[in-house]
Amino acid sequence: MADHPFNYDLFTIGAGSGGVRASRLSAMMGKKVAVAEEYRPGGACVIRGCVPKKFMVYASSYARHFKQAHGYGWEMGEPEFDWIRFRDAMSAEVDRLSGIYARNLTNAGVELFEDRAVVEGSNTVRLVNQNRTVTAKHILVAVGGTPNRDNDLPGVEYAISSNELFHLETLPRHIVIAGGGFIACEFAHIFAGLGVDTCLVYRGETVLRGFDDDIRTAVHKGLKEANVQVITHTVFEKIELVDEHAGLKRVTLKNGDVLDADQVVLAIGRDPCTRGLGLETAGVELDARGAIKVDAYSRTTANGIYAVGDVTNRINLTPVAIREGAAFVDTVYGSKPHACDHSTIARAVFTQPPVGTVGHTEAEARKEFDQIDIYKTVFRPMKGVITNPQDWMMMKLVVRTLDQVVLGVHLVGDEAPEIIQAVGIAVKAGLTKAQFDATCAVHPTLAEELVTMKDKVSPV
Ligand code: NDP
């Protein structure tokens, strides 16, 4: 129970992955905790991110499975996709999960306010709809991010973001997606798989900037192989509504191209959700992108106010927010401060085929160390050999020459996200190429290639 003159020990703003973890753990330690959530418990991951997105990936991947099934001897009629039936099943599961998040909070003794909360001072929060203030010894800001809207773009009101893609009334016939990051690439594959005429417009040369170059090249190639029209080196100039009744939009690109579509999507990054949160009143400093500045212990520049998750724009991934939330609890209520470890975090991009990656890219390793060995293989996965002979998988190891430590593993191909979770342990543990090689293969699998790569790629 609170032993100070505040209403709560902890007030958390935002019931997403980071906020929920921190609040539950704190309440389970006997702290008096409240959470305010203005939308729905679960946050971006559960409500409009990872979870429904993965269902959409599964839905879209059936197109390929049906083709493969034919190659394996199965006969069936022409498959048809019912968007509404799928969408409603997906929404029902999201509702169920959101309910679980809410129940887990309240079962742990956390008070949940379905309200917007703003900071009014170091220890004061105002619940906007209830129009009352409450006080807390600590405030945790875990409000996440929101899609960047590019408000200078003429006709931006005709574009939607990934938030709306889960609720469409009809499956579009033509979709144009701006961006070349996680969200643009994943949704381009989803819609192409669902039979939608899909175009991706990226301002650079090769999608997925920041990833290993071999991953980028493979994903770029994969988009084209999936029949996504990929237009590079340009951006949207304007969007117009050409037929309101049919919902038809026209996108004019800066290179002069004109694209008609019934849905236009901006997937051009996410910004921290700090606007209008009153943080300045408490002396919480933001960076140029509006992210809350924090130290290794998630402490903001204001005493007693902490921040975790995407609102801090460190590594914007659900499992990272969860760990930051847990580290916050250790720091504030545990016996010693706990800095969340942000190194060597494996990640996946659910393109089709998907990406799994952990550790140094080749470019990063070459910059940091004198000599690097690269092992790389591109091969045909067994499953596709008799049905989709054009299928491929790319695997790459980045090894430090001096001590043979495997610094990075980069995969594109079926099961890459599942494989990278396991091999990420080896990379995190700092194992060497010899230790990879000493591990007996599991046969026949895709992953066995990771322990059988013998030949270094010759330096260029
Ligand atoms: P990303 O930062 O991954 O990508 C943004 C893309 O938009 C880049 O290709 C960028 O180009 C481009 N871009 C940025 N500004 C503009 C502009 N003004 N005009 C045109 N293009 C622009 O953001 P996302 O929105 O795809 O995803 C946000 C975050 O969400 C990710 O960084 C990730 O942390 C998380 N996420 C994780 C997923 C996963 O784990 N599988 C899935 C989805 C999201 P350039 O490359 O030139 O900068």
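A brief look at the structure comes next. (Residues numbered from 1 in each chain as written. Predicted model: local features only at pLDDT ≥ 70, side-chain atom pairs only at ≥ 80, totals over all residues. Heavy atoms only, no water.)

1. Remarks on helix α11 (residues 416–428)
So, step 1. Taking 1.5 Å of rise per residue, the 13 residues of α11 would be expected to cover 18 Å, and the 17 Å separating its terminal C-alpha atoms lies within 8% of that figure.
So, step 2. The sharpest bend along α11 reaches about 35° and sits at Ala 422.
So, step 3. For α11, the full list of buried residues reads Ala 416, Pro 417, Ile 419, Ile 420, Val 423, Gly 424, Ala 426 and Val 427.
So, step 4. Among the structural elements, β17 (347–349), β18 (355–359), β20 (393–400), β21 (406–412) and α12 (433–437) are those in contact with the buried residues of α11.
So, step 5. Taken from the residues just after α11, Gly 430 is the one with a positive phi, measuring 75°. (Helix = DSSP H or I, 4+ residues; strand = E, 2+ residues; numbered from the N terminus. Expected span 1.5 Å × (residues − 1). Bend = angle between axes of the 7 residues up to and from the residue. Buried < 20%, exposed > 50% of the residue type's maximum accessible area, 1.4 Å probe, protein only. Contact = heavy atoms within 4.5 Å.)

2. Some thoughts on the site of the ligand
So, step 1. In the neighbourhood of the ligand, 19 residues make up the surrounding shell, with Ile 183, Tyr 202, Arg 203, Arg 209 and Ala 348 lying closest.
So, step 2. One of the side-chain N or O atoms of Glu 186 is found 3.0 Å from a nitrogen atom in the ligand.
So, step 3. Here a nitrogen atom of the ligand sits 2.8 Å away from a polar atom, N or O, in the main chain of Ala 348.
So, step 4. With the chains in place, 76% of the 910 Å² that the ligand exposes on its own is no longer accessible.
So, step 5. By residue number, the principal contributor to the shell around the ligand is helix α6 (residues 182–193), which donates 3 residues. (Near = heavy atom within 4 Å. Polar contact = N/O pair within 3.5 Å; in protein donor to acceptor, adjacent residues only side chain to side chain. Areas by Shrake-Rupley, 256 points an atom, 1.4 Å probe, with all protein chains shown as cover.)

3. Observations regarding the sheet that holds strand β14 (residues 263–266)
So, step 1. The strand order across the open sheet formed by 4 strands is β10-β9-β8-β14, and the pairing between neighbours is parallel. Either end of the sheet is taken by a strand with one partner, and the two such strands are β10 (229–232) and β14. Each strand axis lies, on average, 15° off the axis of its neighbour in the sheet, ignoring direction.
So, step 2. Where strand β8 (residues 174–178) lies against β14, 4 bridges are found, and the strand directions are parallel. By the bridge assignment, Ile 177 is partnered in β14 with Val 265.
So, step 3. Packing against the sheet, α6 makes contact with β8 and β9 (197–202), and its axis sits at approximately 165° to β9. (Pairing = 2+ DSSP bridges. Axes fitted to C-alpha atoms, helices over the stretch in contact; angles between N-to-C directions.)

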